[in-house]
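Given next are the chains, with one letter for each unit.
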Amino acid sequence: MGDGCFAGLFVAGTDTEVGKTVVTGGLAAALREDGLDLGVWKPVQSGGETEEERDSYRLRALSGVADACDEIAPFSFPAPLTPLLAAEAAGVSLSLERIIASGQPLKRRHDALLVEGAGGLAVPLTRNEMMIDLAARLGMPLLLVGRAGLGTINHTLLSVEYARQRGITVAGVILNGCRTGDGDRSVESNAAMIERFGDVPVLGQIPWLEGNVTRAGVIEAIRRHADVERIRGWVEKSMLQKGEDCR
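Below or above, wherever it landed, is the structure these notes cover. All figures in this text were calculated on a predicted structure; none of them were measured in a lab. (Residues numbered from 1 in each chain as written. Predicted model: local features only at pLDDT ≥ 70, side-chain atom pairs only at ≥ 80, totals over all residues. Heavy atoms only, no water.)

The subject of this paragraph is the overall build of the protein. Across its full length, the protein holds eleven helices and eight strands. Here the C-alpha radius of gyration of the protein, 17 Å, is about what a compact globule of 247 residues would show, namely 18 Å. Each principal axis of the C-alpha atoms in the protein carries an extent, and together these give about 45 × 40 × 35 Å. Of all 247 residues assigned to the protein, the portion counted as buried reaches 51%. (Helix = DSSP H or I, 4+ residues; strand = E, 2+ residues; numbered from the N terminus. Rg over C-alpha atoms; globule rule 2.2 N^0.38 Å. Buried < 20%, exposed > 50% of the residue type's maximum accessible area, 1.4 Å probe, protein only.)

As structure tokens, this is what we get:
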């Protein structure tokens, strides 16, 4: 059974700190509530001195999965660096084969996965490969998460085009952290510009979540401000395709 037999969605960012973890965990929670057996996988994570500060902990808490944090993020490194450098600082040599093999337990346990990348698609992952190489090998549709404000059109369109050049299907874009009243008028038009110039649907515009972000609050924001049904359709389409192609 080849690498491309992973069902679900690959969630990548247009940059670091755009809210991929909150979006991934919230989408997983909403879709699990709707009856999908969906797991979450963060193949490589870096940074966070304690478990509670790491993305794997937040993914587990938000999504509601029972999987252990070290299963969700099998390669975890303390240095807040790009995965390649964080791994090297810990004395670990990463390869795509090792990373993909680490996701097999979750793949067998769940019908589909939301796979959260680290940073953007051009982030160095191994000595010879970037995050986009992992996305291409897994063969999953891409859900791109970008910031809502000024600059996101450029970052998003470049990421969409880069993915398409590698033969990756782009399911859509979610703009995260939308604020009103902060003087950034681009928030009002960014989604329409991305759809027009990128020929890609914006499947959600998630508002800025203030204060203590709770699981219930994230699920509510996802359901109110993202096209959960359309995203579910992409997951189910991937499950069907993998079921036919990977027998």
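Next, the rest of the story.
Looking now at the pattern of salt bridges. Going through the model one piece at a time under the given rule, you end up with 13 salt bridges. As a salt-bridge pair, R223 and E33 come within 3.1 Å of each other at their nearest N and O atoms. Highlighted residues: R223 in helix α10 (residues 215-225) and E33 in helix α1 (residues 20-33), separated in sequence by 190 residues. Residue class for R223 comes out partly exposed when judged on its relative accessible area of 35%. Note that R127 and E88 form a salt bridge whose closest N and O atoms lie 3.4 Å from each other. Of the two residues, R127 sits in the loop between β5 (112-120) and α7 (131-138) while E88 sits in helix α4 (residues 83-89), which places them 39 residues apart along the sequence. Salt bridges linked by common partners bring K42, D55, R58 and E116 together as one network. (Salt bridge = Lys/Arg side-chain N within 4 Å of Asp/Glu carboxyl O.)

Here we take up the side chain of S238. Assignment of secondary structure puts S238 in helix α11 (residues 228-245). You can call S238 buried: its relative accessible area is 3%. Discounting residues that sit within four places of it in the chain, S238 has contacts with F6, A7, G8 and P141. (Contact = heavy atoms within 4.5 Å.)

What the six strands build is an open sheet, ordered β2-β5-β1-β6-β7-β8; its pairing is parallel. Edge strands, defined here as strands with exactly one partner in the open sheet, are β2 (38-41) and β8 (202-207). Taken pair by pair, the neighbouring strands of this sheet meet at an average axis angle of 20°, ignoring direction. Strand direction decides the pairing type here: strand β7 (residues 170-178) and β8, joined by five bridges, are parallel. Paired with C178 across the bridge in β8 is P207. (Pairing = 2+ DSSP bridges. Axes fitted to C-alpha atoms, helices over the stretch in contact; angles between N-to-C directions.)

With 41 residues, the main nonpolar core has F10, L134, L138, L142 and V173 as its most contacted residues. The dominant element in this core, judged by the number of residues it contributes, is α7, at five residues. Counting residues in hydrophobic clusters, the runner-up holds 31 residues, among them A30, L114, L143 and V218. (Core = buried A, V, L, I, M, F, W, Y, C linked by side-chain atoms within 4.5 Å.)

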